[in-house]
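Below are the chains, spelled out letter by letter.
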Amino acid sequence: MSGRFTPQLLDEIRARLSVSQVVGRKVALKKAGREYRGLSPFKTEKSPSFFVNDQKGFYHCFASGEHGDIFTFVMKTEGLDFPEAVERLAEEAGVPLPKKEDYNPEREDQRDRLYRILESSARFFEVSLAGGLGGEARRYIDKRGLALETIAAFRLGFAPNSRSALKAHLNGEGFGDADMAASGMLIAGDDIPEPYDRFRNRVMFPILDLKGRVIAFGGRALDKDAPAKYLNSPETPLFHKGHVLFNATRARPVAHDKNRVIAVEGYMDVVALYEGGFHEAVAPLGTALTEDQVKLLWRMVPEPTLCFDGDSAGKKAAFRAVDTALPHLKPGHSLKFAFLPDGLDPDDLIRQQGTAAMAAVLDKTKPLIDVLWERETAAQPLETPEQRASLEARLRTLSSSIADPLVRIHYERELRDRLFQLGRRSQGGRSPGTYVGSYVSGGQGQTQGRGGNFGGQPRQALAPDWRQRERQRLSDRPLRFKPQPPPLGVASAELTGIMNALPAREALILKAILNHPWLIEQYSEALAELSFAAQALAALRDEILNLHATTNSLDTSTLRTQLSKTGVSKVVDLVARTITHTSDRFAEPEASTTDVETGWRHVLALHQRHGNLEHLLRRAEEAWCKDCTEEAWARLSDIQHQIAVLAAAEHLDNTGHHHVEVVDQTVNQSVKRAS
């Protein structure tokens, strides 16, 4: 290994780039439990035998026996030597490399001495705890109820109440004052005639790096009048407080096995959780969670749990963590939040109520978006449109800070839907669960058709025979309206009237295809599977797919020329004149490729989800008509509610309001429940 690339530098690159991220550029990976699986890049095979483990930081190919980390993979697959692989990955990770002339063997020798000083200090503190001077420290530890095994696992120690005890010990092992000060164990300076021990009369907690080496200490004061209850080592060549988590070395393998890591606020919280059987606990070092610490948590599990006290200070700490993590969210990687009963920390809760109480807290986590929503909706009253507009402006700013485009899109959708539902609840004094109908008539804002509360009446206000009436109503009408295609030769004005009544979303889908035929190549199967309520548009879709199957290359001009020779030419003209609002301009000819791709995926997903809900609604109606049970009614009402939200959101969009696409977690959960 080149001396220019220190172990610390390589660890920093590994911390910023997951193995799956690097390997995923060459291999199509699929999630398989806590690992990823794919076909070997080293050997031709039909069944995948290539595995990637982000938590452990390696890949392994059972077909060829190849094994290694991100540097090895780049060397093997791109034919690079080690320095070239490091330079390539460092650039990708945003890690600056030292210039060749910057490598300093003396500096590396000093780092080695600092490691040895810190290890010797840890042993000194352990011996001091067990000795005659450690009585008060032992009584404190006994009071916290810690077992000998826990004390040994964390290497807890005691710093004597002396300005020179540790210094004398380290001098006796041959270390100089300058190195002791550089390690953070002595306080020294130009205005200090004689350097002295930094930690005095404190219970000591060694802080380890990911390789298990002591790099710093945290000390808990035994003197009640001490100016700082907890004292950490200063920044040193080995220790950067914002890059390290207490107990990460021990917690990492357990977190991988349990698929959970718990971040708490302090050293004793971690130790208490460990004592209670929660060995996957870590803590920041006396400060708010940093960006680098969040990324370190993500190296352990995709969704770490942050556990805070339930008081106002705990809520503020959780809110700060939301702001830290939000810009860096990526698919599958977020945070969960658990809040303790007000006034208790993990140590208190476990000692007072037992580990079952702690487990119950950890079972009731909130996703990051819920904590974000709670914070923003509690920030000010939301009684007026202006106040809700202020909320929307804040949420837009927050969601726009998310760097990953896919996660940003999903947050925008989720927050828009929550805003929409918040606005609905504020109208007319309706209760939160009451919706006015399952779809909104064009332009008037009136409700028609199936409603969450049939006819707008509360369920409990219906007459005693309401079940029979509703059963009869559903049985008497067709479960799906299928408009017939217009007869050949129909007058243009009549056809225009028919088209004006057709679903705007279906026309928008086909307008995008007509103006951007390159979409057909990638989405032909999805387009073929779409269910169109308008038979005229279904016929146009079929003609487009027929032309695609028989024509090598279709541009807009060729496609329209070919369609003009068929019986759907008038439909083509009407679709081309479909009015689009600002949010749907992706369908216009001048839209950029990126906007077209994004907008098309959105409208396609919306249409597919709407179709899924309609299918589930039919099944729910049939079940209700068959047995009229409470369960069948609940299922039917739930699906009607979701269709109401979808349709009302589309109504806002089609009447020129902000674009609301309700293709979100709520709908997905409803589809799963109804299934």
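Residues numbered from 1 in each chain as written. Predicted model: local features only at pLDDT ≥ 70, side-chain atom pairs only at ≥ 80, totals over all residues. Heavy atoms only, no water.

Engineer: Looking at this structure, I do not really get the layout of surface pockets. What am I missing?
Structural biologist: Over the atoms a probe the size of a water molecule is rolled, and this reveals where empty space is left. As a volume, the second largest pocket reaches approximately 1000 Å³. For the lining of the second largest pocket, the secondary-structure elements that each account for two or more residues are α1 (7-16), α5 (105-130), α10 (248-258) and α12 (291-300). Considering each element in turn, the lining of the second largest pocket owes the most residues, seven residues, to α1. Looking at side-chain class alone, the lining of the second largest pocket contains 16 nonpolar, four polar and 16 charged residues. (1 Å grid on protein atoms, 1.4 Å probe; cavity = no way out; pocket = protein on both sides within 12 Å on 5 of 7 lines; lining within 4 Å. Points joined across faces, edges and corners; volume = space filled by probe spheres on them. Helix = DSSP H or I, 4+ residues; strand = E, 2+ residues; numbered from the N terminus. Nonpolar A, V, L, I, M, F, W, Y, C, P; charged D, E, K, R; others polar.)

Engineer: What exactly am I supposed to notice about the sheet that holds strand β11 (residues 230-232) here?
Structural biologist: Paired through backbone hydrogen bonds, the strands of a sheet run either parallel or antiparallel to each other. Sheet architecture is open: four strands sit in the order β6-β9-β10-β11, paired in antiparallel fashion. Sheet topology places β6 (157-159) and β11 at the edges, where each strand pairs with a single neighbour. Neighbour-to-neighbour, the strand axes of this sheet turn through a mean angle of 35°, independent of strand direction. Relative to strand β10 (residues 214-221), strand β9 (residues 202-208) runs antiparallel, the two being bridged by seven bridges. The residue of β10 that forms the bridge with L208 is V214. Across the face of the sheet, helix α11 (residues 267-275) comes into contact with β9, β10 and β11 while running at roughly 80° to β9. (Pairing = 2+ DSSP bridges. Axes fitted to C-alpha atoms, helices over the stretch in contact; angles between N-to-C directions. Contact = heavy atoms within 4.5 Å.)

Engineer: I tried to follow the packing of aromatic side chains on my own but got confused; where do I start?
Structural biologist: Where two aromatic rings form a pair, the distance of their centres and the angle of their planes describe that pair. Under the definition given, this model contains 20 aromatic pairs. Aromatic pair F50 and F73: ring centres 6.4 Å apart, planes at 50°, arrangement tilted. Of the two residues, F50 sits in strand β3 (residues 50-53) while F73 sits in helix α3 (residues 70-78), which places them 23 residues apart along the sequence. What makes F73 buried here is its relative accessible area of 1%. A centroid spacing of 5.2 Å and a plane angle of 15° characterise the contact between F205 and Y267, whose relative ring orientation is stacked. With F205 in strand β9 and Y267 in helix α11, this residue pair connects regions lying 62 residues apart in the sequence. (Phe/Tyr/Trp six-rings, centres within 6.5 Å; stacked < 30°, edge-to-face > 60°. Buried < 20%, exposed > 50% of the residue type's maximum accessible area, 1.4 Å probe, protein only.)

Engineer: Can you walk me through the nonpolar core in this structure?
Structural biologist: A general trend in soluble globular proteins is that nonpolar side chains are found buried together. The biggest cluster of nonpolar side chains holds 60 residues, and the ones touching the most others in it are I207, F217, F246 and M358. In terms of residue count, the dominant contributor to this core is α5 (eight residues). Non-local contacts of I207, meaning those with residues more than four positions away in its chain, are made with R213, V214, I215, A216, F217, G218, F239, V244, F246, Y267 and L285. Counting residues in each nonpolar core, the second largest holds 42 residues, with A251, V282, V371 and L419 among its members. (Core = buried A, V, L, I, M, F, W, Y, C linked by side-chain atoms within 4.5 Å.)

Engineer: Would you mind showing me how to read the pattern of salt bridges here?
Structural biologist: Side chains that carry opposite charge are capable of pairing whenever their charged atoms lie near each other. Under the criterion given, the structure shown has 31 salt bridges. R396 serves as the salt-bridge partner of E392, at 3.0 Å between the closest nitrogen and oxygen. Of this pair, E392 and R396 both sit in helix α17 (residues 385-400), four residues apart, roughly one helical turn. On the basis of relative accessible area, E392 is assigned to the buried category, the value being 18%. You can call R396 exposed: its relative accessible area is 52%. Residues joined by salt bridges that share partners form a network here, namely D11, R14, D69 and K211. (Salt bridge = Lys/Arg side-chain N within 4 Å of Asp/Glu carboxyl O.)

Engineer: Help me understand helix α16 (residues 368-377) in this model?
Structural biologist: In an α-helix there are 3.6 residues to a turn, and that puts residues three or four apart on one side. With seven of 10 residues buried, α16 is to be regarded as a mostly interior element. Burial in α16 covers these residues: L368, I369, V371, L372, W373, R375 and E376.

Engineer: Explain unusual backbone geometry here, please?
Structural biologist: Negative phi is the rule for most residues except glycine; trans is the rule for most peptide bonds. Phi is positive for N201, close to 55°, though the residue is something other than glycine. If you trace the backbone, N201 turns up in the loop between β8 (196-197) and β9. The buried category is assigned to N201, whose relative accessible area is 14%.

Engineer: What is the right way to look at helix α14 (residues 346-353) in this model?
Structural biologist: All of the buried residues in α14 are P346, D347, D348, L349 and I350. Buried residues along α14 sit in contact with α11 and α15 (355-362). Here α14 starts with a cap whose side-chain oxygen sits 3.2 Å from the backbone nitrogen of D347, and that cap is D345. Directly beyond the C-terminal end of α14, a positive phi value near 90° is found at G354. (Polar contact = N/O pair within 3.5 Å; in protein donor to acceptor, adjacent residues only side chain to side chain.)

Engineer: Explain the pairing of β3 to me, please; I cannot follow it from the model alone.
Structural biologist: Side-chain positions along a regular strand alternate between the two faces of the sheet. As judged from the three bridges shared by strand β2 (residues 35-38) and β3, these two strands associate in the antiparallel manner. What sits directly across from G38, in β3, is F50. As paired strands, β3 and strand β4 (residues 58-61) are joined by four bridges and run antiparallel to one another. Residue pairing in the sheet places F50 in a bridge with C61 of β4. In this structure, the hairpin formed by β3 and β4 is closed by a connection of four residues, where G57 is found at a positive phi of approximately 75°.

Engineer: I would appreciate a short explanation of the packing of helix α21 (residues 504-515) against helix α25 (residues 569-576) in the present structure.
Structural biologist: Helix-helix packing is characterised by the crossing angle of the two axes and by the distance between the axes. Where α21 meets α25, the closest approach of the two axes is 9 Å, and the angle between their N-to-C directions is 100°. Judged on the interaxial angle alone, α25 and α21 are roughly perpendicular. Here A507, L510, K511 and L514 of α21 lie close against α25, whose contacting residues are V572, V575 and A576. Looking at the contact of α21 with α25, its residues break down into six nonpolar, no polar and one charged. (Parallel < 35°, antiparallel > 145°, perpendicular 65-115°, else oblique.)

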